[in-house]
Amino acid sequence: MKTNNYFKRISGMLLVLFLLVSAWSANAQMTVTIGSNDGVNSTTSYPCPIQDWYYATRAQFLYTGAELAAAGITPGGHIDSIGWIVEATTISGMLLENYTISLLNTSVTTLDLLSWEPGAVAVYGPINYSYQSGYAGNVMFGTTPFTYTGGNLIVEVCGGISTGGYVNNPQCEWSTGLGYNASHQWHQDVADGCGNTAVDNFATQDYRPRLVMTYTCPQIGRATSELQSPDHLVCRLLLEKK
């Protein structure tokens, strides 16, 4: 009987400890948009993150640490989805085969238009993507969690196969006149997109698609000095709403 009471007390103490730890730490999630809205790509122009004007594509888009920080994205949290903002476009039969999204933490400040930045980690796909004609709004792709370690971020997309086809591009919102190489996009007919090593750039390099991302804040204690850091302002405000 004494032994049973002992284990009951231990179990009760562990439960209280668990509740205390849970109360002192929490995660907050937010959806943010990176980049100003300066218009949209045409149905045949680039950059376009979900293109189908050519059979195949590969592209890298560079987002700066300053932009991410301004949106409340802090090192140590993870990205859970990536998306683009599409204006209503009339397209019939759009299909981007094997669409894949990869992410890369980087210190690169401008993209090299003669090579691809190596090391991007696939977080979505390959999955066939079909744009619904006339849809306007965010087109989101749930990713495997990707830890943002700080600095700049490269979003790489690819897709299309040599036996595929083509229609017009959906019109995606973009930012223009960024002052550095923010986009590098190759495309070609009768080719496979993902893994292709061709580097020809067909995008206006200082234009870039507006990025939408869902981000989970780092797990930080509610009463710690880390939480009080200005770097975690947005995360702190989200936590205070809970």
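This is a predicted model, so every value here is computed, not measured.

Caption draft 1: Representation of the overall build of the protein in the model. A tally of regular secondary structure across the protein gives four helices and 14 strands. Within the protein, the proportion of its 242 residues that are buried is 46%. Expressed as a percentage of contacts within the protein between residues at least 6 apart in sequence, the contacts between residues at least 24 apart total 87%. For the protein, the computed accessible surface area is about 11,300 Å², with 56% contributed by carbon and sulfur atoms.

Caption draft 2: Looking closely at the pairing of strand β11 (residues 183-188). β11 sits mainly inside the fold: five of its six residues count as buried. Relative to β11, strand β3 (residues 56-63) is paired through six bridges, and the arrangement is antiparallel. Considered in β11, the bridge of Arg-58 is made with Trp-186.

Caption draft 3: Layout of unusual backbone geometry. The step from Tyr-46 to Pro-47 runs through a cis peptide bond, and the omega angle for that step is 15 degrees. Here Pro-47 is to be found in the loop between β2 (29-34) and β3. Here Gly-125 and Pro-126 are connected by a cis peptide whose omega angle stands at 5 degrees. Here Pro-126 lies in strand β6 (residues 121-129). Unusually for a residue other than glycine, Val-190 sits at a positive phi of about 50 degrees. Examined against the element boundaries, Val-190 turns out to sit in the loop between β11 and β12 (208-209). Under the relative-accessibility criterion, Val-190 is labelled exposed at 56%.

Caption draft 4: Representation of the state of the cysteines within the structure. The full count for this structure, using the stated rule, is one disulfide. Covalently, Cys-158 is tied to Cys-194 through a disulfide, its sulfur atoms 2.0 Å apart. One quick way to see it: the torsion about the S-S bond of Cys-158 and Cys-194 is about 95 degrees, and its sign makes the bridge right-handed. On the criterion of sequence distance, the pair formed by Cys-158 in strand β8 (residues 152-159) and Cys-194 in the loop between β11 and β12 is long-range, its members being 36 residues apart. Cys-158 sits in the buried class, given a relative accessible area of 8%. Judged by relative accessible area, Cys-194 falls into the partly exposed class, the value being 33%. Of the cysteine sulfurs around Cys-48, a residue in no disulfide, the closest is that of Cys-172, at 4.3 Å.

Caption draft 5: Spatial organisation of the side chain of Thr-64. The residue Thr-64 is located in the loop between β3 and α2 (65-70) in this model. On the accessibility criterion, Thr-64 (18% relative accessible area) is buried. Those residues in contact with Thr-64 that lie beyond four places of it in its chain are Gly-151, Asn-152, Tyr-180 and Arg-208.

Caption draft 6: Just the sheet that holds strand β5 (residues 96-106), in detail. One open sheet accounts for five strands, arranged β6-β5-β8-β3-β11; its pairing is antiparallel. On the outer flanks of this sheet lie β6 and β11, each paired with one strand and no other. Taken over all neighbouring pairs, the strand axes of this sheet differ in orientation by 10 degrees on average, direction set aside.

Caption draft 7: Fine view of the confidence of the model for the protein. The share of residues in the protein with pLDDT of 70 or more is 80%, and the mean pLDDT across the chain is 88. Across residues 12-25, confidence stays below pLDDT 50; counting only partners more than four residues off in sequence or on other chains, it has eight contacts.

Caption draft 8: Just the pairing of β3, in detail. Within β3, eight of the eight residues are buried, leaving the element largely enclosed by the surrounding structure. Neither face of β3 is exposed, since Ala-56, Arg-58, Gln-60 and Leu-62 on one face and Thr-57, Ala-59, Phe-61 and Tyr-63 on the opposite face are all buried. As judged from the seven bridges shared by β3 and β8, these two strands associate in the antiparallel manner. Within the sheet, the bridge partner assigned to Ala-59 lies in β8 and is Val-157.

Conventions we followed
- Residues numbered from 1 in each chain as written.
- Predicted model: local features only at pLDDT ≥ 70, side-chain atom pairs only at ≥ 80, totals over all residues.
- Heavy atoms only, no water.
- Helix = DSSP H or I, 4+ residues; strand = E, 2+ residues; numbered from the N terminus.
- Buried < 20%, exposed > 50% of the residue type's maximum accessible area, 1.4 Å probe, protein only.
- Contact = heavy atoms within 4.5 Å.
- Areas by Shrake-Rupley, 256 points an atom, 1.4 Å probe, with all protein chains shown as cover.
- Pairing = 2+ DSSP bridges.
- Disulfide = S-S within 2.5 Å.
- Axes fitted to C-alpha atoms, helices over the stretch in contact; angles between N-to-C directions.
- pLDDT = per-residue confidence, 0-100.

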